[in-house]
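Chain by chain, the residues run as shown.
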Amino acid sequence: DDDDDDDGLDVQKLVTLALVHDISECIVGDITPHCGVTKEEKNRLEVEAMRTLKETLGSDMGGETIERLWLEYENGSSREARVVKELDKLEMLLQASEYENEHRDVDLTEFYASCDGSFKTERAKRWVEEIMRRRPVR
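Residues numbered from 1 in each chain as written. Predicted model: local features only at pLDDT ≥ 70, side-chain atom pairs only at ≥ 80, totals over all residues. Heavy atoms only, no water.

Novice: I'd like to hear about the overall build of the chain, residue by residue, with values.
Specialist: A count of helical and extended segments in the chain gives 7 helices and 0 strands. Its helices and strands taken in sequence order, the chain reads α-α-α-α-α-α-α from the N to the C terminus. Dimensions of the chain along its principal axes, counting C-alpha atoms only, are 55 × 40 × 25 Å. Here the chain holds 138 residues, and 35% of them are scored as buried. Look at the contacts in the chain between residues 6 or more apart in sequence, and 65% of them connect residues 24 or more apart. (Helix = DSSP H or I, 4+ residues; strand = E, 2+ residues; numbered from the N terminus. Buried < 20%, exposed > 50% of the residue type's maximum accessible area, 1.4 Å probe, protein only. Contact = heavy atoms within 4.5 Å.)

Novice: Residues and numbers for the nonpolar core, please.
Specialist: Leu 14, Leu 17, Met 50, Ile 66 and Val 84 are the most contacted members of the largest nonpolar core, which has 13 residues in total. Looking at this core, the elements that each hand over two or more residues are helix H1 (11-20), helix H3 (39-57), helix H4 (63-75) and helix H5 (79-102). Here this core gets 4 residues from one element, more than from any other, and that element is H4. Ignoring anything within four residues of it in the chain, the contact list for Leu 14 reads Leu 9, Glu 80, Val 83 and Val 84. Judged by nonpolar contacts, the second largest core, of 12 residues, contains Ala 96, Val 106, Tyr 112 and Cys 115. (Core = buried A, V, L, I, M, F, W, Y, C linked by side-chain atoms within 4.5 Å.)

Novice: Could you give an account of H1, naming the residues involved and the relevant values?
Specialist: Those residues of H1 that sit buried are Leu 14, Leu 17 and Val 20. Along the axis of H1, the buried residues cluster in a sector spanning 140°; they form a single face. Among the exposed residues of H1, those oriented more than 90 degrees off its buried face are Val 11, Gln 12 and Leu 19. In this fold, the buried residues of H1 make contact with H4 and H5. The opening residue of H1, the one whose side-chain oxygen lies 3.1 Å from the backbone nitrogen of Gln 12, is Asp 10. (Arc of directions from axis to C-beta. Polar contact = N/O pair within 3.5 Å; in protein donor to acceptor, adjacent residues only side chain to side chain.)

Novice: Please set out the pattern of salt bridges residue by residue, giving values where relevant.
Specialist: A full pass over the atoms with the stated rule returns 10 salt bridges. One salt-bridge network, in which partners are shared between bridges, spans Glu 100, Asp 107 and Arg 135. (Salt bridge = Lys/Arg side-chain N within 4 Å of Asp/Glu carboxyl O.)

Novice: Now, about the environment of Pro 33: what can you tell me, with residues and values included?
Specialist: Mapping Pro 33 onto the fold places it in the loop between helix H2 (25-28) and H3. Using a relative accessible area of 63% as the deciding quantity, one classes Pro 33 as exposed.

Novice: Give me the lowdown on the environment of Met 132, citing residues and values where you can.
Specialist: Here Met 132 lies in helix H7 (residues 122-134). Separated by 67 residues in sequence, Met 132 and Thr 65 place their C-alpha atoms 37 Å apart.

Novice: Just give me the short version of the state of the cysteines, but keep the residues and values in it.
Specialist: Across all of its chains, the model carries 0 disulfides by this definition. Among the cysteines around Cys 35, which has no disulfide bond, Cys 115 carries the closest sulfur, lying 15 Å off. Its relative accessible area of 7% is what places Cys 115 among the buried residues. (Disulfide = S-S within 2.5 Å.)

Novice: Give a description of the side chain of Ser 24 that names residues and reports values.
Specialist: Topologically, Ser 24 is positioned in the loop between H1 and H2. Judged by relative accessible area, Ser 24 falls into the buried class, the value being 1%. With residues near it in sequence (within four places) discarded, Ser 24 still touches Glu 46, Ala 49, Met 50 and Trp 70.

Here it is in structure tokens:
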């Protein structure tokens, strides 16, 4: 997989995408699978939030650039966007793992199942395997 190769990745773009990818949550909040909001509705709310942010900032304050980068992340239209997207999902899995380790009565099997098939690169798949290997037996 081409995305496994670090050669040619734009580090500045990686960092910028990582910073802007959740920016719509500043307006709509963190919508999780447990909120009962469909993917379509979540997307509609986030797109509207980005439109509002872009209009509020205007082009002189980077509104259009932030929207363009956010869309690049959402659509996975660059190697950097796909790498950041996988890292974001890995971070969520690590949080779930830490939460289960701290709260032995909590079972997040449903959350883990929602991530099945999300990881495309061999590197990320290996990391997921390791996270799952360390997960307490349920």
